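Survey of secondary and tertiary structure
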Amino acid sequence: MAKVYAMIADGTEEVECLAVVDILKRSGVETVLVSVENTREIVSSHQIRIQADATAAETDFSDGDAIFLPGGLPGSEHLSACSSLIAAIRQALADGRRVAAICAAPGVVLGRHGFLEGKTATCYPGFEKEFQGAEYTMQGVVTDGNITTARGLGFAIDLGLELVKLLVSGEAAENTKKQIQYS
């Protein structure tokens, strides 16, 4: 079974995070919600309290198949400032594992730290200024190698389905798509 670490922080855009987490879980992907804060409870960008499964300090990311970064502000800034998360992303990419990000996170986290160099990626318009050596596209969801990026909340379900396709199978993604009545 595939395993994804879904990151969360104070100020994370909750729907971007939880829509992807929901799609992954419906598809049989083990998904662990990880807070980069000192506590497991975070307050989302729209003031919704969310309880994570663990904190980054409690997590060994080495057994995950992917790390997922939702957007939102200041959530993406908190993710970008978490040195253990940045180290985990660096190691995941070095090991050939997947990393996915949506909205502000592709720019604020992946772009700012140089993870998109030589890649084609998307993000919420305006955050592409953080892309270092990457090509920006307005596509909704883009997979380039082992990095998948999505433009914003309107593409959260598409991002979840893309991750299911990449981590499980196209058939699993199609089954989940039918189950949720997504056309």
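You'll find the structure just up there.
Worth saying up front: this structure is predicted, and the values here are computed from it rather than measured. (Residues numbered from 1 in each chain as written. Predicted model: local features only at pLDDT ≥ 70, side-chain atom pairs only at ≥ 80, totals over all residues. Heavy atoms only, no water.)

Another point: the packing of aromatic side chains. Following the criterion strictly, the structure yields three aromatic pairs and no others. Judged by centre distance (5.2 Å) and plane angle (70 degrees), the rings of Tyr5 and Phe61 are edge-to-face. Remark: Phe61 occurs in the loop between β5 (54-55) and β6 (66-69) and Tyr5 occurs in strand β1 (residues 3-8); sequence separation between them is 56 residues. A single burial state applies to Tyr5 and to Phe61, both of which are buried. (Phe/Tyr/Trp six-rings, centres within 6.5 Å; stacked < 30°, edge-to-face > 60°. Helix = DSSP H or I, 4+ residues; strand = E, 2+ residues; numbered from the N terminus. Buried < 20%, exposed > 50% of the residue type's maximum accessible area, 1.4 Å probe, protein only.)

This part covers the sheet that holds strand β7 (residues 98-102). Picture the strands of a sheet paired through backbone hydrogen bonds; they go either parallel or antiparallel. In spatial order, the strands read β5-β2-β1-β6-β7-β11-β10; together these seven strands make up an open sheet with mixed pairing. With partners counted over all chains shown, the strands left at the sheet margins are β5 and β10 (141-144), one partner each. In terms of strand pairing, β6 meets β7 through four bridges, oriented parallel. What sits directly across from Ile67, in β7, is Val99. Here helix α5 (residues 156-167) sits on the sheet and contacts β1, β6, β7, β10 and β11 (147-150); the angle it forms with β7, its principal contact strand, is near 175 degrees. (Pairing = 2+ DSSP bridges. Contact = heavy atoms within 4.5 Å. Axes fitted to C-alpha atoms, helices over the stretch in contact; angles between N-to-C directions.)

Now for the nonpolar core. Soluble globular proteins tend to pack their nonpolar side chains together in the buried interior. Formed by 32 residues in total, the largest nonpolar core has its most connected members in Met7, Ile67, Leu69, Leu85, Ile89 and Leu110. Elements with a contribution of two residues or more to this core: β1, β2 (30-35), β6, α3 (83-94), β7 and α4 (105-111). It is α3 that provides the largest number of residues to this core, a total of six residues. Dropping the residues within four chain positions of it, Ile67 is found in contact with Tyr5, Met7, Phe61, Leu85, Ala88, Ile89, Ala92, Arg98, Val99 and Ala100. Core analysis: the next-biggest nonpolar cluster, separate from the first, contains 29 residues, Ile8, Ile42, Ala100 and Leu159 among them. (Core = buried A, V, L, I, M, F, W, Y, C linked by side-chain atoms within 4.5 Å.)

This part takes up the packing of helix α1 (residues 14-26) against α5. When two helices pack together, their arrangement is given by the angle between their axes and by how far apart the axes lie. At their nearest, the axes of α1 and α5 sit 8 Å apart, and the two run at 35 degrees to each other. Every pair of crossing elements has a handedness; the one defined by α1 and α5 is right-handed. Where α1 approaches α5, its residues Val15, Glu16, Ala19, Val20, Ile23 and Leu24 are matched on the opposing element by Ala156, Ile157, Leu159, Gly160, Leu161, Leu163 and Val164. Residues belonging to the contact of α1 with α5 are distributed by class as follows: 11 nonpolar, one polar and one charged. (Left-handed = near helix turned anticlockwise from the far one by under 90°. Nonpolar A, V, L, I, M, F, W, Y, C, P; charged D, E, K, R; others polar.)

Overall, the coordinates contain nine salt bridges when judged by the stated rule. A salt bridge links Lys3 to Glu30; its shortest N-O distance comes to 3.8 Å. Taken together, the residues span a long stretch of sequence, with Lys3 in strand β1 and Glu30 in strand β2 at a distance of 27 residues. According to the relative accessible area criterion, Lys3 is buried, its value standing at 12%. Among the residues examined, Glu30 registers a relative accessible area of 36% and is labelled partly exposed. Where Arg97 meets Asp95, a salt bridge forms, and the shortest distance between an N and an O atom there is 3.1 Å. In the salt-bridge network here, residues are joined through shared partners; they are Lys3, Glu30 and Asp63. (Salt bridge = Lys/Arg side-chain N within 4 Å of Asp/Glu carboxyl O.)

Right, let's get into α1. A rise of 1.5 Å per residue sets the reference length of α1, with its 13 residues, at 18 Å; its end C-alpha atoms lie 18 Å apart and thus fit the reference within 8%. All buried positions along α1 are accounted for by Glu14, Glu16, Cys17, Ala19, Val20, Val21, Ile23 and Leu24. Sitting at the amino-terminal end of α1 is Glu13, which places a side-chain oxygen 2.8 Å from the backbone nitrogen of Val15. Downstream of α1 by a residue or two, Gly28 has a phi angle that is positive, lying close to 85 degrees. (Expected span 1.5 Å × (residues − 1). Polar contact = N/O pair within 3.5 Å; in protein donor to acceptor, adjacent residues only side chain to side chain.)

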